[in-house]
Amino acid sequence: MTFSWLVNAPTPIKILVFFGVWMGLWMPIAVISAIALNWRPPQPLNETQKLALLAPLYGIAPIVLWKISQIQGQSFWDYGLSWRSQFFQSTAIGFGLAVISLILLFGFQFVLGWSDWRPQDSKQTDEQSSTLNPDLLPRNRWIELGKKVSILLPILLIALWVSSTEELIFRGFLQKQLQQDYSWFVAATLASLIFAFSHLLWEVRNTLPQLPGLALMGMVLSLACLCDRGSLGLAIGLHAGWIWGITSMDTLGTVTASEQVPEWVTGLGGKPLAGLLGIVMLLFVAGLLGIVYRLI
């Protein structure tokens, strides 16, 4: 079966074909994986189960996009990916900006006492160490910290992989397709909404409060592409930095909200995108991008 007719097809048809083929190829793998992992929807996914389902999903997407780009006489370059040094510079800038924004977000909460951070299993480790030998307590703390820090690199690699794939799909393909029929703002809004609702695939209950934040995050990432003249570098860096920062904090410890402010201020369920401060952080980044790149 050939898809040469896709070249002259309306934009909605092209989008539906991509998502239809993508989901059609992934679904049999997902069913087999779910059975093997003993996962039954709508049960929440643990990290191992999610990664096992995510790997084939995001492994198939670039292949389908590559085939569609071939049919349309395009390449991933047209979607915003490149191997130029400027692309990687933009990625590094975006990553750094994302990490700084998270430091400001959580630092503000910690300083005001609105949230607390406790290293994971620190109390248990301290008790075990002091029982065995009080002199080993500092040493064991460093060993435990070293073990946790050692997994930050794999988290970084996964964050770059996930962010690159999602930006290629939602900002690279989807938004650029929509911009053929709509203005930048309308296309970015539609792509951001689809981006936000796609996260319901993994978990509904905890994702629903985050939908406004996810949609706004999508708009910020679209703005990053606009600032970077259509390149995905800056958006990938921002996206990867946010994933890496939040996942690293969840891995190394636990952030708990105090009762000084309502939970919706810091984030419902401990999710920054489900809170007022998370929204403010995204608006801050958007404003900073607008100011900096307007001066360039």
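Here the residue index of a chain counts from 1 through its sequence in written order. In view of the model being predicted, local features appear only for residues whose pLDDT reaches at least 70, and side-chain atom pairs are presented and counted only at 80 or more, with totals across whole chains, interfaces and linings using the full set of residues. Working from all heavy atoms in the structure, the side-chain values ignore hydrogens and water.

(A) Representation of the packing of helix 1 (residues 11–36) against helix 2 (residues 47–71) in the model. As a rule, the C-alpha atoms of each element are fitted with a line to give its axis, helices using only the stretch in contact, and angles between N-to-C directions run from 0 to 180 degrees. Numbered from the N terminus, helices here are DSSP runs of H or I no shorter than four residues, and strands are runs of E no shorter than two. Orientation of helix 1 relative to helix 2, taken along the N-to-C sense of each, is 155°, at an axis distance of 9 Å. The orientation of helix 1 relative to helix 2 falls into the category roughly antiparallel. Here helix 1 and helix 2 pass one another in a crossing that is right-handed. Facing F18, V21, W22, M23, L25, W26, I29, A30, S33 and A34 of helix 1, the residues of helix 2 in contact are L53, P56, L57, Y58, I60, A61, V64, L65 and I68. Charged residues are taken to be Asp, Glu, Lys and Arg, nonpolar residues to be Ala, Val, Leu, Ile, Met, Phe, Trp, Tyr, Cys and Pro, and polar residues to be all remaining types, Gly included. Considering only residue class, the contact of helix 1 with helix 2 consists of 18 nonpolar, one polar and no charged. Oblique is the label for every angle not falling under 35 degrees (roughly parallel), over 145 degrees (roughly antiparallel), or within 65 to 115 degrees (roughly perpendicular). Each crossing gets its hand from how the near helix is turned against the far one by less than a right angle, where anticlockwise is left-handed and clockwise is right-handed. Contacts: residue pairs with any heavy atoms within 4.5 Å of one another.

(B) Structural view of the side chain of E166. Turning to its location among the elements, E166 is positioned in helix 7 (residues 152–178). Think of it in three bands: with a 1.4 Å probe and only protein chains considered, a residue is buried below 20% of the maximum accessible area for its type, exposed above 50%, and partly exposed in between. Within this scheme the basic residues Lys and Arg register as positive and the acidic residues Asp and Glu register as negative, but His and the chain ends are omitted. Just to be clear on terms, a salt bridge is a Lys or Arg side-chain nitrogen sitting within 4 Å of an Asp or Glu carboxyl oxygen. Buried E166, no salt bridge; nearest opposite-charge side chain is R171, N-O distance 5.8 Å. Within the structure, E166 has its side chain in polar contact with the side chain of Y58 (distance 2.5 Å). Those residues in contact with E166 that sit more than four places away from it in its chain are Y58, R171, F195, H199 and H239. We call two N or O atoms a polar contact when they sit within 3.5 Å, provided that within protein one can donate a hydrogen and the other can accept it, with sequence-adjacent residues counted only if both atoms are side-chain atoms.

(C) Fine view of unusual backbone geometry. A positive phi angle, close to 60°, is found at N38, a residue other than glycine. Relative to the assigned elements, N38 resides in the loop between helix 1 and helix 2. Phi is positive for R229, which is not a glycine, with a value near 55°. Position of R229 relative to the elements: it lies in the loop between helix 9 (211–227) and helix 10 (233–252).

(D) Local environment of the state of the cysteines. Only a pair of cysteine sulfur atoms within 2.5 Å qualifies as a disulfide here. Applying the stated criterion across every chain, the model contains zero disulfides. Here C225 stays unpaired: no disulfide links it, and the sulfur of C227, its closest cysteine neighbor, is 9.3 Å away. With a relative accessible area of 16%, C227 lands in the buried category.

(E) Seen up close, the environment of R40. For R40, the location among the structural elements is in the loop between helix 1 and helix 2. When its relative accessible area of 41% is taken as the criterion, R40 is described as partly exposed.

(F) The arrangement of helix 10 in detail. Between its first and last C-alpha atoms helix 10 spans 28 Å; for 20 residues at 1.5 Å apiece the expected length is 28 Å, and the two agree. Most of helix 10 is tucked away: 14 of the 20 residues are buried. Take the residue count of a helix, subtract one, and multiply by 1.5 Å to get its expected span.

(G) Structural view of the pattern of salt bridges. One pass over the full model with this rule turns up one salt bridge. Measuring nitrogen to oxygen at the nearest pair gives 2.8 Å for the salt bridge that ties R171 to E167. Of this pair, R171 and E167 both sit in helix 7, separated by four residues, roughly a single helical turn. Judged by its relative accessible area of 1%, R171 falls in the buried class.

(H) Spotlight on the nonpolar core. We define the nonpolar core as a collection of buried residues of types Ala, Val, Leu, Ile, Met, Phe, Trp, Tyr and Cys that are connected through side-chain atoms lying within 4.5 Å of one another. Among the nonpolar cores identified, the biggest contains 66 residues, and F18, W22, L238, W242 and L289 are the most heavily contacted of them. Elements that contribute at least two residues to this core include exactly helix 1, helix 2, helix 4 (85–112), helix 7, helix 8 (184–198), helix 9, helix 10 and helix 12 (276–295).

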